[in-house]
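Listed here are the chains, written in short residue letters.
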Amino acid sequence: MKEKSYSIIKKLVIRTSIVGVFVLLMSGGIVSLGFIDDIAKDKNPDLDKAIDIILSESFEHVFWILILSVLILIFVVYWTIKKSMEEINSISKKFSNINLEDPVVRYDATTIPKEILPLINSLNETLKRIKQDIDQKNEFIKNASHELNTPITILNANIESLPDSKKKYELKEDLKLLENVSAQLFRLSQVENFKVQKNESVNLVDLLNDVIKQSYKIFPKRNIEFKIEGSKKDITINGTYDYLLMCFRNLLDNAAQNSPDNSIIKINLYESGNVEIINTLKSGVQTKILTQNLFKKFWRYDKNSYNGSGLGLSIVKRIIDAHNATIRTLLVDGEILFKLKFNKI
């Protein structure tokens, strides 16, 4: 169960108001003592009569002013505290919109309560360290993919020089996996800092047709059909063609890898800019494990039979996020559905 946070404004207003009410009541009580003279003039005073005189005189001359004062006090306290918190809310918005390319929240120290300045400075330092870690990770991935190219080229030349045999075929398949990992690592380093621009646009129909043409070349022997259904009209979305091509290519590659031979992969296209990719899963795939780990880096359902790198869908997720789009997975009767929602122009 998610714990609820408390409102500091509400807490301060309640506590200040309670103190204010107590002080005002005390003041009213002291003022009421001034009516003792009226009690003393009475020749036969008793306790009940004295209380009646104090209460009647207090309500007539004092307590209505106290009630009005309490209401004014509560309003003034609330307004004062709320105005004082506006700059804190402004800093909070800056943190929520922070860009890791420049992970520092800039502020005017004269407008920030000194009590929270250490917190803001600590957050800024933490964000700087996170940025450094991300930069180092991206640099490592980029260098690793680059450094792999030389040994891959040497291995490829040596394998090609071998006489044709089953062993040569197996070595070439292993080398393809290594080449795929290297290529995906390079793509991952590219998409980490990518962000789509507002003036960029892509025609979804043309894009999907281009992706399907490429996908048919990858799986020629498995007799897998890619079928577009839905809207045939031009649908323009905010996006970058090259990265969206990579995104859908990885999605269709994943769908084909997890589908049985002679199956149909359906691509539903909607005028709203939504896209659905549906494929039948191979028998024996544990769907719960599959959906829990789909977008994790280097995760593969079956490392022995699947020749992918385990990076394809993590790249898809990063590209989708960069386009301010969304992707969801649903499981229905042995089929897995990827539902993508883009920003239509």
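Since we're looking at a predicted model, the values are computed, not measured.

A. Layout of the nonpolar core. Grouped together as the largest cluster of nonpolar side chains are 48 residues, with contacts concentrated most on F248, L251 and I277. For this core, the element with the most residues is helix α8 (residues 241-257), which contributes 10 residues. For L251, the contacting residues outside a window of four places in its chain are I277, L313, V316, I327, F338 and L340.

B. Region of interest: a nonpolar patch on the surface. Residues L68, I72, F75, V76 and W79 make up a contiguous nonpolar surface patch of about 530 Å² in total accessible area. Secondary-structure assignment places L68 in helix α4 (residues 63-96).

C. Structural context of the sheet that holds strand β4 (residues 264-269). Strand order in the open sheet formed by five strands is β2-β4-β5-β7-β6, with mixed pairing between adjacent strands. Whereas interior strands pair on both sides, the edge strands pair on one side only; in this sheet they are β2 (225-230) and β6 (326-332). The average undirected angle you get between the axes of adjacent strands in this sheet is 20°. Here β6 runs beside strand β7 (residues 335-341); their pairing, made up of seven bridges, is antiparallel. Residue pairing for β7: L331 is matched across the bridge by I336. Packing against the sheet, α8 makes contact with β2, β4, β5 (274-280), β6 and β7, and its axis sits at approximately 20° to β5.

D. Looking closely at the packing of α8 against helix α10 (residues 312-322). Look at α8 against α10: their axes get within 9 Å of each other, and the N-to-C directions meet at 140°. Crossing of α8 over α10 shows left-handed handedness. Facing α8, whose interface residues are Y243, L244, M246, C247, N250, L251 and N254, α10 presents G312, L313, I315, V316, I319 and I320. The residue inventory of the contact of α8 with α10, partitioned by class, reads 10 nonpolar, three polar and no charged.

E. Summary view of the packing of helix α5 (residues 117-160) against helix α6 (residues 166-191). The geometry of α5 relative to α6 is characterised by a closest axis approach of 8 Å and an angle of 160° between their N-to-C directions. Between α5 and α6, the angle falls in the class roughly antiparallel. Between α5 and α6 lies a crossing of left-handed hand. Residue-level inspection shows N138, I141, K142, S145, L148, N149, I152, L155, N156, I159 and E160 of α5 in contact with α6, the latter providing K168, L171, K172, L175, L178, E179, S182, L185, F186, L188 and S189.

F. Structural context of the pattern of salt bridges. Evaluated as defined, the whole model comprises seven salt bridges. Across the salt bridge formed by K128 and E125, the nearest N and O atoms sit 3.8 Å from each other. Residue K128 and its partner E125 are located together in helix α5, separated by three residues, close to a single helical turn. A relative accessible area of 41% places E125 in the partly exposed class.

G. Layout of α5. A rise of 1.5 Å per residue sets the reference length of α5, with its 44 residues, at 64 Å; its end C-alpha atoms lie 65 Å apart and thus fit the reference within 8%. The axis of α5 is deflected most strongly, by about 25°, at N149, and proline P151 appears within four residues downstream. Three or more residues of α5 are buried, namely L117, I120, N124, L127, K131, N138, I141, S145, I152 and I159.

H. Representation of the packing of aromatic side chains in the model. With the rule as written, the count across this model stands at one aromatic pair. With centroids separated by 6.0 Å and ring planes inclined at 40°, the aromatic side chains of F248 and F342 adopt a geometry described as tilted. One end of the pair, F248, is in helix α8; the other, F342, is in the segment after β7, with 94 residues separating them in the sequence. Summarising the burial analysis for this pair, F248 and F342 share the class buried.

I. Representation of the pairing of β7. Relative to β7, β5 runs antiparallel, the two being bridged by seven bridges. When the bridges of β7 are listed, V275 appears paired with L340. Between β6 and β7, which follow one another and run antiparallel, lie two residues, and D333 among them has a positive phi close to 50°.

Conventions and cut-offs
Residues numbered from 1 in each chain as written. Predicted model: local features only at pLDDT ≥ 70, side-chain atom pairs only at ≥ 80, totals over all residues. Heavy atoms only, no water. Core = buried A, V, L, I, M, F, W, Y, C linked by side-chain atoms within 4.5 Å. Buried < 20%, exposed > 50% of the residue type's maximum accessible area, 1.4 Å probe, protein only. Helix = DSSP H or I, 4+ residues; strand = E, 2+ residues; numbered from the N terminus. Contact = heavy atoms within 4.5 Å. Patch = residues over 30% accessible without salt bridge, like charges linked within 9 Å, V, L, I, M, F, W, Y side chains within 5 Å. Areas by Shrake-Rupley, 256 points an atom, 1.4 Å probe, with all protein chains shown as cover. Salt bridge = Lys/Arg side-chain N within 4 Å of Asp/Glu carboxyl O. Pairing = 2+ DSSP bridges. Axes fitted to C-alpha atoms, helices over the stretch in contact; angles between N-to-C directions. Left-handed = near helix turned anticlockwise from the far one by under 90°. Nonpolar A, V, L, I, M, F, W, Y, C, P; charged D, E, K, R; others polar. Parallel < 35°, antiparallel > 145°, perpendicular 65-115°, else oblique. Expected span 1.5 Å × (residues − 1). Bend = angle between axes of the 7 residues up to and from the residue. Phe/Tyr/Trp six-rings, centres within 6.5 Å; stacked < 30°, edge-to-face > 60°.

Take it as geometry only, folks, not as evidence of what the structure does.
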